[in-house]
Amino acid sequence: MAATIAPAQYGMEAPPPYQPTNQPIVHTTYTQAQPVAMQPVMTSTNTVVVQSAGRLGKGPSNILCNNCHQNVVTRTTRSLKGEAWLLALVLCCLGGILCVWIPFVMDSMYETTHHCPSCNTFQGTT
Ligand SMILES: [Zn+2]
């Protein structure tokens, strides 16, 4: 009974209007989901980077240690970057031996390493 009725309706009207109607609905739903998912991820990533970079300065900084959870002033160590030696070599080749001292007095050629004074954990480099 049912098998006899179904082929008669399917061959007359059902297949042509049904297939074009389904495809646009699927595409519209997928296009709306992509921009909504990407925007919040980029905003939250930018906020985290700004907060962590602004905490540590060139000198001892007041921070909340992420290991021992105490409010401490960091113990700092100032050291020469590897780029200073490369710049000294370039200046020696271009300007002679008298220009070698220039990178060693530039403040930007030094980096400051921060450690927690309580638990001695590395906190960051500026
Ligand atoms: Zn600590």
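Residues numbered from 1 in each chain as written. Predicted model: local features only at pLDDT ≥ 70, side-chain atom pairs only at ≥ 80, totals over all residues.

### Considering the overall build of the protein
Of the regular secondary structure elements, the protein holds four helices and five strands. Across the 126 residues in the protein, those meeting the buried criterion constitute 4%. Contacts in the protein between residues at least 24 apart in sequence constitute 55% of all its contacts with a sequence separation of at least 6. (Helix = DSSP H or I, 4+ residues; strand = E, 2+ residues; numbered from the N terminus. Buried ≥ 20, exposed ≤ 12 C-beta atoms within 10 Å, placed from the backbone. Contact = placed C-beta atoms within 7 Å.)

### Structural notes on the pairing of strand 5 (residues 122-125)
When strand 4 (residues 110-115) meets strand 5, the two strands line up antiparallel, connected through three bridges. Across the sheet, the residue bridging to His 115 is Phe 122, located in strand 5. The hairpin turn running from strand 4 into strand 5, its antiparallel successor, is six residues long, and Asn 120 in that turn takes a positive phi close to 60 degrees. (Pairing = 2+ DSSP bridges.)

### Digging into the pairing of strand 3 (residues 75-80)
By the criterion of burial, strand 3 is predominantly exposed, with just zero of the six residues buried. Summarising the sheet, strand 3 and strand 4 pair through six bridges and their orientation is antiparallel. Following the sheet pairing, Thr 77 is matched in strand 4 by Thr 113.

### Quick notes on the sheet that holds strand 3
Note on sheets: strands pair through backbone hydrogen bonds, and any given pair is parallel or antiparallel. Spatial strand order, 3-4-5: three strands in an open sheet with antiparallel pairing. Of all strands in the sheet, those with a lone pairing partner are strand 3 and strand 5, marking the two edges. Across the sheet, the mean angle separating the axes of adjacent strands is 25 degrees when strand polarity is ignored. (Axes fitted to C-alpha atoms, helices over the stretch in contact; angles between N-to-C directions.)

### Observations regarding the environment of Met 106
Of note, Met 106 is situated in the loop between helix 4 (102-105) and strand 4. The class of Met 106 is exposed, set by 11 C-beta atoms lying within 10 Å. With 22 residues separating them in the primary sequence, Met 106 and Ala 84 have C-alpha atoms 8.9 Å apart.

### Looking at the confidence of the model for the protein
With 57% of its residues at a pLDDT of 70 or more, the protein has an overall mean of 73. Per-residue pLDDT stays below 50 along residues 43-54; that stretch engages in zero contacts with residues further than four places along the chain or on separate chains. (pLDDT = per-residue confidence, 0-100.)

### Brief notes about the environment of Thr 74
Along the polypeptide, Thr 74 turns up in the loop between strand 2 (71-73) and strand 3. Taking the C-alpha atoms as reference points, Thr 74 and Asn 120, 46 residues apart in sequence, are found 9.3 Å from one another. Setting aside chain neighbours within four positions, we find Thr 74 in contact with Pro 60, Ser 61, Ile 63, His 114, His 115, Cys 116 and Gln 123.

### What about unusual backbone geometry?
Its identity is not glycine, yet His 69 carries a phi of approximately 55 degrees, on the positive side. Of the residues examined, His 69 has 10 C-beta atoms within 10 Å and is grouped as exposed.

### Concerning the environment of Thr 113
Counting through the fold element by element, Thr 113 comes out in strand 4. Through-space distance from the C-alpha of Thr 113 to that of Arg 75 is 8.2 Å; in sequence the pair is 38 residues apart. Discounting residues that sit within four places of it in the chain, Thr 113 has contacts with Thr 76, Thr 77, Ser 79 and Thr 125.

### Quick word on helix 3 (residues 82-95)
A rise of 1.5 Å per residue sets the reference length of helix 3, with its 14 residues, at 20 Å; its end C-alpha atoms lie 20 Å apart and thus fit the reference within 8%. Along helix 3, only zero of the 14 residues are buried, which leaves the element largely exposed. Count one or two residues on from helix 3 and you reach Gly 96, which has phi positive near 100 degrees. (Expected span 1.5 Å × (residues − 1).)

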